[in-house]
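# Commentary on secondary and tertiary structure
This is what each chain is made of:
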Protein chains: 2
Amino acid sequence: MAVEPSTPGTVRPGGRTARVRAAVLRAAEDALVERGFSGLDLGDIAQRAEVGRTTVYRRWGSTTALVADLLADMAEQSLPRTDSGSLAGDLRANARLVRRTLADPRQGALFRAVIVAATCDPDAAEALRHFYRRRVEEWAPCVAAAVERGELPPDTDGFEVVRAVSAPLYYRMLTTAEPLDEAAADRAAEAAEAAARAGAYRRRDG
Amino acid sequence: MAVEPSTPGTVRPGGRTARVRAAVLRAAEDALVERGFSGLDLGDIAQRAEVGRTTVYRRWGSTTALVADLLADMAEQSLPRTDSGSLAGDLRANARLVRRTLADPRQGALFRAVIVAATCDPDAAEALRHFYRRRVEEWAPCVAAAVERGELPPDTDGFEVVRAVSAPLYYRMLTTAEPLDEAAADRAAEAAEAAARAGAYRRRDG
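Residues numbered from 1 in each chain as written. Chains lettered and ligands numbered in written order. Predicted model: local features only at pLDDT ≥ 70, side-chain atom pairs only at ≥ 80, totals over all residues. Heavy atoms only, no water.

### Overview of the relation of the copies chain B and chain A
Rotating chain B by 180° about the axis while translating it 0.0 Å along that axis superimposes it on chain A, leaving an RMSD of 0.0 Å. Put plainly, the chains are arranged around a two-fold axis. A shared binding surface is used by both copies, with 100% of the interface residues of chain B retained as interface residues in chain A. (Least-squares fit on C-alpha atoms with pLDDT ≥ 70 in both. Contact = heavy atoms within 4.5 Å.)

### Looking at the interface of chain B and chain A
The interface is formed by 32 residues belonging to chain B together with 32 residues belonging to chain A. Counting the surface lost from both chain B and chain A, the interface buries some 3100 Å², and carbon and sulfur atoms represent 63% of this. Here R163(A) and E178(B) are joined by a salt bridge, their closest N and O atoms 3.3 Å apart. Our count for the contact surface shared by chain B and chain A stands at 8 residue pairs in polar contact (both at pLDDT 80 or more). Elements with a contribution of two residues or more to the side of chain B that touches chain A: helix 6 (105–120), helix 7 (122–139), helix 9 (158–175) and helix 10 (182–197) of chain B. Among the elements that make up the side of chain B that touches chain A, the one with the highest residue count is helix 9 of chain B (10 residues). A breakdown of the residues in the side of chain B that touches chain A according to their chemical character gives 16 nonpolar, 5 polar and 11 charged. (Buried area = accessible area lost by both parts, 1.4 Å probe. Salt bridge = Lys/Arg side-chain N within 4 Å of Asp/Glu carboxyl O. Polar contact = N/O pair within 3.5 Å; in protein donor to acceptor, adjacent residues only side chain to side chain. Helix = DSSP H or I, 4+ residues; strand = E, 2+ residues; numbered from the N terminus. Nonpolar A, V, L, I, M, F, W, Y, C, P; charged D, E, K, R; others polar.)

### A closer look at the packing of helix 1 (residues 15–35) of chain A against helix 4 (residues 63–77) of chain A
All names here are of chain A. Their axes nearest at 10 Å, the elements helix 1 and helix 4 cross at an angle of 105°. By the angle between their directions, the pair helix 1 and helix 4 is classed as roughly perpendicular. Residues R21, V24, L25, A28, E29 and L32 of helix 1 lie in contact with helix 4, whose contacting residues are L66, V67, D69, L70, D73 and E76. When grouped by side-chain class, the residues that make up the contact of helix 1 with helix 4 number 7 nonpolar, no polar and 5 charged. (Axes fitted to C-alpha atoms, helices over the stretch in contact; angles between N-to-C directions. Parallel < 35°, antiparallel > 145°, perpendicular 65-115°, else oblique.)

### A look at the domain arrangement of chain A
Accessible area lost upon the coming together of the parts serves often as the stated size of an interface. Residue and element names in this part refer to chain A. Each assigned domain of chain A is listed with its residue range as follows: domain 1 (15–66) and domain 2 (75–197). Put simply, the middle of domain 1 and the middle of domain 2, counted by C-alpha atoms, are 28 Å apart. Surface buried jointly by domain 1 and domain 2 totals about 840 Å² across both partners, of which 64% is contributed by carbon and sulfur atoms. When the buried area of domain 1 at its contact with domain 2 is split by residue, V33, F37 and T64 rank highest and sum to 58% of it. Between domain 1 and domain 2 we count 3 salt bridges in total. Our count for the domain 1 to domain 2 interface comes out at 2 residue pairs in polar contact (both at pLDDT 80 or more). Its residues assigned to classes, the side of domain 1 that touches domain 2 shows 3 nonpolar, 2 polar and 4 charged. (Domains from an automatic or database assignment.)

### Quick word on the environment of A117(B)
All names here are of chain B. Examined against the element boundaries, A117 turns out to sit in helix 6. In this structure A117 comes out as buried when scored by relative accessible area, which is 0%. Sequence-wise, A117 and F37 are 80 residues apart; in three dimensions their C-alpha atoms are separated by 5.9 Å. The residues contacting A117, other than those within four sequence positions of it, are F37, V67 and A124. (Buried < 20%, exposed > 50% of the residue type's maximum accessible area, 1.4 Å probe, protein only.)

### Re the packing of helix 9 of chain B against helix 10 of chain B
Residues and elements named next belong to chain B. In contact at an axis separation of 9 Å, helix 9 and helix 10 are set at 145° when each is read in the N-to-C sense. The two elements helix 9 and helix 10 meet at a crossing, and its hand is right-handed. Mapping the contact onto sequence places V161, A164, V165, P168, L169 and R172 in helix 9 and A184, A185, A188, A192 and A196 in helix 10. Grouping the constituent residues of the contact of helix 9 with helix 10 by class yields 10 nonpolar, no polar and 1 charged. (Left-handed = near helix turned anticlockwise from the far one by under 90°.)

### A closer look at the UniProt feature "DNA-binding region" (unreviewed entry) in chain A
Within this numbering scheme, the UniProt entry marks residues 41–60 of chain A as carrying the feature "DNA-binding region" (unreviewed entry). Taken as a whole, residues 41–60 of chain A contains 75% helix and 0% strand, while its terminal C-alpha atoms sit 12 Å from one another. (UniProt positions renumbered as here; feature names shortened; annotations may be inferred.)

### Re helix 2 (residues 42–49) of chain B
Residues and elements named next belong to chain B. With 6 of 8 residues buried, helix 2 is to be regarded as a mostly interior element. Taken residue by residue, helix 2 has L42, G43, D44, I45, A46 and A49 as its buried positions. Along its buried surface, helix 2 packs onto helix 1 (15–35), helix 3 (53–59) and helix 4 (63–77). E50, located one to two residues past helix 2, shows a positive phi value of around 55°.

### Focus: the pattern of salt bridges
Following the criterion strictly, the structure yields 44 salt bridges over all chains and no others. A salt bridge links R106(B) to E29(B), with the shortest nitrogen-to-oxygen separation between them at 2.8 Å. Here the residue R106(B) occupies a position in helix 6, and E29(B) occupies one in helix 1, the gap between them amounting to 77 residues. On the basis of relative accessible area, R106(B) is assigned to the partly exposed category, the value being 25%. One salt bridge connects R149(B) with E151(B), and the closest N-O pair in it is separated by 2.7 Å. Several salt bridges converge on common partners, so that one network encompasses E160(A), R163(A), R172(B), E178(B) and R187(B).

### Structural notes on unusual backbone geometry
Positioned with a positive phi, E50(A) is a non-glycine residue whose angle comes to about 55°. For E50(A), the location among the structural elements is in the loop between helix 2 (42–49) and helix 3 (53–59).

### What about the confidence of the model for chain A?
Residues shown with low pLDDT carry predicted positions that ought not to be read at fine detail. Residue and element names in this part refer to chain A. Per-residue pLDDT for chain A averages 92, and the proportion of residues at 70 or more is 93%. Below a pLDDT of 50 lies the segment residues 1–11, which in the model reaches 7 contacts outside its immediate sequence neighbourhood of four places, other chains included. Two summary scores accompany this predicted model of the complex, namely pTM at 0.91 and ipTM at 0.91. (pLDDT = per-residue confidence, 0-100.)

So this is what it looks like as structure tokens:
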């Protein structure tokens, strides 16, 4: 049977369970963006998602469990890495992607909200760490490729290099009012590359 | 009149107003460490500080105003920078100080709580930015000194270098379960120095 995927109420791939989850996670995102983690309420999310409250309470049980599920979904849905053929190009692409995400009003608010959730709850913290681990695993091969090309010391820790690209952008967002512009992204990529070339991210003592 | 500064209830320098503020800020710290920003309550803080509720409500009015005042006090009280005579030594001292602060159970919880407060309220965010600006201003002269000694390019942005030391430590705390050990601090300092030497923090376009 042919369905119009954009028509509300039609069956999308994955059936009712997946459809309910998609609607609830979207509603949770909306609520986090509008009201932050402290304003999250399962009843409000059920209403926004047009899903029964009982379903939401039975399936997620708490706002932190819902945030953890949202983070699991964000990890699954997140974009594949760019392969530009050079370390400078790859790290710049990564920095610009992180920058665009954090500077986007909706995405930026969402990330601030899930960081808040992670500082308030161990399960949300674990889900947040899983999300970042997935992102770092996705991008670390660009460092291994640079090592293969002889651009970096052989024992360079790819995870540390990828994290070094993101760190100044998050720190800037959380501690300054300075704009998260493309220049900031390019500087973050350039600094991580320079430090990596100088051997600052070589693995130590196992 | 001689007073015992350690005897509860004695008059400390600054008089009653300063004494009440010190007691309330200390109580606010305790409450933030124990319960986080979302658990903050002015009545509870008045009780912990053994100060009248009316005084606390009249003087601070809201939990976010209280957090902003606490951050102002933290900025005033914070430690002077180390001057080791070399950029490597100075940045390592800065990284280790930040590391010790974030890894300390009380101080670490306090910083996570004020970061949460800053994501929830514009006044707390402004106070948090002021705190970090004061810290960066305190340490930036070590970069100017390194420029004078010819260790760094003349147009190096000291603020960016100092922020680059802190950023990976905050990012590690917020997004991983990995320990904030001294090796992480030393790596953060080394990476910032290498990137600075390579010119990654040179000022651009005014």
